[in-house]
Amino acid sequence: MRPNDKSRVFNMRSVKEQHQGVTIINDMKTRMYIRGFLALATCLISTVLSEETPPPGTVYGPKAGFNISAPEGWVVDNESGKGQDLPCVLYPKNSSWSDAKTVMYANVAGPEFEGVNGFVETAIQEMKAKHGTPREKIASGKTKDGHDYFVNEYPATKNYSQWERVGYIQLPQGVAYIVLTSRDRASYQKDSGALEKVLQSLTYVEPKSEVASGREYARRYRQLLDQHAEAQIEPLLTEWREKAPDDPDGWIASANYYFNQRQPNISQKKPGPGDITLTDKKTGKAAGSISFEQSKADTNRAAELLHEATKKFPDHLDIWCGLAFMYQESGDFDNELSTLKKMVAYAREHPTQLKWLKGAPLGEPADKFVPEKLHEYGQYYEKKQNPEDDKRWFQISTLATEQYPNHPVGFNDAAGYWADIGEWQKARESVEKAHRIDPKSVGALLNLGNISIEMKDFTGARKYFEEAVKLDPNGQYGREAKEALQKLKKK
């Protein structure tokens, strides 16, 4: 559910699943494909092009945003979810984000998902292994300003203990979603009605790109997309870049447009998710499928545009991350790693002038922000769980440890790699470094305990688990440590 610590715990492949679309920089990979074309939707605590701080309950994405209000007995919190890339979270009064039995979080799907049905279909396919088949559209209605929403329910399964329901809202040029998640069935039954109250409070907010220098081009571009006026889009994007050369949105929109182009491919293969089934008229049986694949030429054009943008707007880490994401999605790891190395080199030389979405400041020091982004890219390969991708994960974690030796996340990721291949001494050395940097990291303590067990050092394991329980007595990691101590009593 919600992670208490950034550290990876070896016996927990995923601490939390988010209903997100592909993000460009994906933190945990339920990879529901989000983080909008150049990063996650963000609740703007730092101001962008204005000196005003948005009110609580405001979520902004690259193409759409919204306001929400807390139902009676609940609070909206813009701070507690930031470490998990959750812009706005809600929980009952007299509790907290970390200890409440039921919480909610709100976000915006990535810009490649402008239609709610496509986003939900992808989300269900991605979650199916853990969540099973959901109960679809158990409720529906309209938001405060008249946008349609519906609710899907995701009951707990043997593989996933949380009870969840998600409200999906169709916005102009985007999809919003709000997740309610409970630790147990009783809490879920008591609190689940709060979700619709939040959905009914929602109002649409224009994306921040609309107040940038390319406002009119952005408006015209969205209009042409709505009209499917393909012949006019490329000339407009070219004009946008030429006439508003200081507007990074021109390059971002152009790259996004080319990257999302698809070419039809007719084959005799069975249809996959999102494919069109071809049926034999005589037999009525499936005879093949039509899939829609990325054009290599368009993908290359998208990467070229973002490469240009990194030169024009090198302070914008979101553009660097977007380019790395494109290479990742295209299976070009060498260029992905090269881009990340260039981003890190620039960030190390200019740590105080870096920007994120829509020119907003990072919101935290670069030596914290950047290694955590590297961690997100590494997690993409870690989730694949094969030797070749594990090596790529290790290369990214090595970049983090070499360039940011005072941040624990790279060392913890490197330890995960060594643990996966059974090099327990190296794994232990890496986690010990992470622990020295952040002695209060409960995840690192749990990792040290698990590694100690693998090395038959049961005394050391007991010490680490006991320390973890002291630091996190009621949290998820603390509970895992208590369970581990119970097992150690039998040894």
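See above for the structure.
Residues numbered from 1 in each chain as written. Predicted model: local features only at pLDDT ≥ 70, side-chain atom pairs only at ≥ 80, totals over all residues. Heavy atoms only, no water.

Student: For this particular structure, what's the right way to read the packing of helix H14 (residues 442–454) against helix H15 (residues 458–471)?
Tutor: The geometry of a pair of packed helices is captured by two quantities: the angle between their axes and the separation between those axes. Put simply, H14 and H15 touch, their axes get as near as 8 Å, and they point 160° apart. In terms of their interaxial angle, H14 and H15 are classed as roughly antiparallel. Considering how the two elements wind past one another, H14 and H15 form a crossing that is left-handed. Seen from H14, the contacting residues are Val442, Leu445, Leu446, Leu448, Gly449, Asn450, Ser452 and Ile453; seen from H15, they are Phe458, Gly460, Ala461, Tyr464, Phe465, Glu467, Ala468 and Leu471. (Axes fitted to C-alpha atoms, helices over the stretch in contact; angles between N-to-C directions. Helix = DSSP H or I, 4+ residues; strand = E, 2+ residues; numbered from the N terminus. Parallel < 35°, antiparallel > 145°, perpendicular 65-115°, else oblique. Left-handed = near helix turned anticlockwise from the far one by under 90°. Contact = heavy atoms within 4.5 Å.)

Student: I'm lost on the environment of His375 in this one. Help?
Tutor: With respect to the helices and strands, His375 occurs in helix H10 (residues 366–382). In this structure, the C-alpha to C-alpha distance between His375 and Gly410, residues 35 residues apart in sequence, is 6.8 Å.

Student: Teacher, can you tell me more about the pattern of salt bridges here?
Tutor: A side chain with one charge may pair with a side chain of the opposite charge, provided their charged atoms come close. Under the criterion given, the structure shown has 14 salt bridges. The salt bridge partner of Lys142 is Asp148, with a shortest N-O separation of 2.5 Å. Its relative accessible area of 49% is what places Lys142 among the partly exposed residues. Residue classification places Asp148 among the partly exposed residues on the basis of a relative accessible area of 46%. Put simply, Arg219 and Glu216 hold a salt bridge, and the shortest N to O gap is 2.5 Å. A residue pair is termed a helical-turn pair when its members lie 3 or 4 positions apart in one helix, as Arg219 and Glu216 do in helix H4 (residues 215–227) at three residues. What emerges from the salt-bridge pattern is a single network uniting Arg135, Glu153 and Arg165. (Salt bridge = Lys/Arg side-chain N within 4 Å of Asp/Glu carboxyl O. Buried < 20%, exposed > 50% of the residue type's maximum accessible area, 1.4 Å probe, protein only.)

Student: Help me understand the sheet that holds strand E1 (residues 58–60), please; the structure alone is not making it clear to me.
Tutor: In a beta sheet, neighbouring strands are held together by backbone hydrogen bonds and run either parallel or antiparallel to one another. The three strands lie next to each other as E1-E2-E10, forming an open sheet whose pairing is antiparallel. The open sheet has two free edges, formed respectively by E1 and strand E10 (203–205), since each of these has just one partner strand. The sheet shows a mean angle of 20° between the axes of neighbouring strands, taken without regard to direction. Two strands pair when backbone bridges link them, and strand E2 (residues 65–67) and E10 are joined in this way by three bridges, in the antiparallel orientation. Across the sheet, the residue bridging to Gly65 is Val205, located in E10. (Pairing = 2+ DSSP bridges.)

Student: I'm lost on the environment of Lys142 in this one. Help?
Tutor: Looking at where Lys142 falls in the secondary structure, it is placed in strand E6 (residues 135–142). Sequence separation of Lys142 and Gln200 is 58 residues, and the distance between their C-alpha atoms is 6.4 Å. Discounting chain neighbours no more than four positions away, the residues touching Lys142 are His147, Asp148, Tyr149 and Gln200.

Student: Is there a simple way to explain the sheet that holds strand E4 (residues 88–92) in this structure?
Tutor: An order of E3-E4-E5-E9-E8-E7-E6 is seen for the seven strands of this open sheet, with the pairing classed as antiparallel. Two strands close off the open sheet at either side, each with one partner strand: strand E3 (74–77) and E6. For this sheet the average axis-to-axis angle between neighbouring strands, irrespective of direction, equals 20°. When strand E7 (residues 148–154) meets strand E8 (residues 163–171), the two strands line up antiparallel, connected through six bridges. Note on E8: the bridge partner recorded for Val151 is Gly167. Docked against the sheet, helix H1 (residues 116–131) engages E6, E7, E8 and strand E9 (174–182), running at close to 10° with respect to E7.

Student: What is the right way to look at the packing of aromatic side chains in this model?
Tutor: Ring pairs (aromatic) are described by centroid distance and by the angle formed between their planes. Applying the stated rule across the entire model yields 15 aromatic pairs. Measuring from centroid to centroid gives 5.4 Å for Tyr257 and Tyr258, while their planes differ by 70°, and the two rings are edge-to-face. When sorted by exposure, Tyr257 lands in the same class as Tyr258, which is buried. Members of the aromatic cluster, connected to one another through ring pairs, are Phe119, Phe150, Tyr168 and Tyr177. (Phe/Tyr/Trp six-rings, centres within 6.5 Å; stacked < 30°, edge-to-face > 60°.)

Note that all results are geometric; they support no functional claim without further evidence.
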